[in-house]
Amino acid sequence: VQHVVTDSGAFLRNATLQDIGMNIYTVRDVVSEIRDKETKRRLAVLPYELTFKEPSPGNIQRITEFSKKTGDYASLSATDIKVLALTYQLEVEHGGKHATNPYLVADQHFPQQRLSKKARAKTDVFNPDYIAGVSPFAENDVYSRAADLQIRDGAMGAGRRRINPNTPRKKGVKKR
């Protein structure tokens, strides 16, 4: 990759950024976040040149507004927003394919997570044609007359004991 923007996590985990990209960028706040002595020593003798660059206030504002729209603003620190703004700024400067992000448009329509019309029709319990499927009361039916006579409704699954697929099984024992 030509340009890599890094956060403090890469330095804390001692990531080999020189293998990932040619130009490594960060903001000064990232280095000031690092507290442990071992990581500070590694930063002093990096095998690559670390370029400090501050994002423009306009890009910081743009990323702040976008993070509010997505709901991520509360979980981002000021340094995180600066790192994201620097990433966006470098993308715009170098004409990357994501420089014109369609989700940064003010009137962008975000799809809602709703059930389809068909799925809603299947689960409409107030519909007079609704069939309840398997009743949770019939799964472990051991007291009714049908259970005594071992009559089972195969189509609806009533009276049949269901095995929990999440139960642990013994190794080496075959299923019946």
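Everything numeric here is computed off the predicted structure, so don't read it as measured data. (Residues numbered from 1 in each chain as written. Predicted model: local features only at pLDDT ≥ 70, side-chain atom pairs only at ≥ 80, totals over all residues. Heavy atoms only, no water.)

K.L.:
So what's going on with the pattern of salt bridges? Residues and values would help.
P.N.:
For the structure shown, the criterion picks out three salt bridges. Lys82 serves as the salt-bridge partner of Asp29, at 2.9 Å between the closest nitrogen and oxygen. Of this pair, Asp29 sits in helix α3 (residues 28-33) while Lys82 sits in helix α6 (residues 78-93), and the two are 53 residues apart along the sequence. In this structure, Glu38 and Arg42 form a salt bridge, with 3.0 Å as the shortest nitrogen-oxygen distance. Highlighted residues: Glu38 and Arg42, both in helix α4 (residues 37-44), separated by four residues, approximately one helical turn. (Salt bridge = Lys/Arg side-chain N within 4 Å of Asp/Glu carboxyl O. Helix = DSSP H or I, 4+ residues; strand = E, 2+ residues; numbered from the N terminus.)

K.L.:
How would you explain the nonpolar core if you had to name every residue and give the values?
P.N.:
Core analysis: the biggest nonpolar cluster contains 15 residues, and Phe11, Leu17, Ile24 and Tyr48 have the highest contact counts within it. When residues of this core are traced back to their parent elements, those giving at least two are α1 (8-12), β2 (23-26) and α6. A total of three residues in this core trace back to one element, the largest contributor, which is α6. Apart from residues lying up to four places away in sequence, Ile24 is in contact with Val4, Thr6, Leu17, Tyr48, Glu49, Leu50 and Thr51. (Core = buried A, V, L, I, M, F, W, Y, C linked by side-chain atoms within 4.5 Å. Buried < 20%, exposed > 50% of the residue type's maximum accessible area, 1.4 Å probe, protein only. Contact = heavy atoms within 4.5 Å.)

K.L.:
Hey, could you go over the environment of Val30 for me, with residue numbers and the actual values?
P.N.:
Along the chain, Val30 falls in helix α3. Residues Val30 and Thr79, 49 residues apart in the sequence, show an inter-C-alpha distance of 6.6 Å. Excluding anything up to four places from it in sequence, Val30 contacts Thr6, Asp7, Ser8, Phe11, Thr79 and Val83.

K.L.:
Report on the packing of aromatic side chains, specifying residues and quantitative values.
P.N.:
Under the definition given, this model contains zero aromatic pairs. Directly above the aromatic system of Phe52 lies the positively charged group of Arg28, at a separation of 4.3 Å from the ring centroid. Over the aromatic face of Tyr73 sits the side chain of Lys68, whose NZ or CZ is 5.0 Å from the ring centroid. (Phe/Tyr/Trp six-rings, centres within 6.5 Å; stacked < 30°, edge-to-face > 60°. Lys NZ or Arg CZ within 6 Å of the ring centre and 35° of its normal.)

K.L.:
Report on the pairing of β2, specifying residues and quantitative values.
P.N.:
The pairing of strand β1 (residues 3-5) with β2 spans three bridges and is classified as parallel. Bridge pairing links Val4 to Ile24 in β2. Here β2 pairs with strand β3 (residues 50-52) via three bridges, running parallel. Bridge pairing links Tyr25 to Thr51 in β3. (Pairing = 2+ DSSP bridges.)

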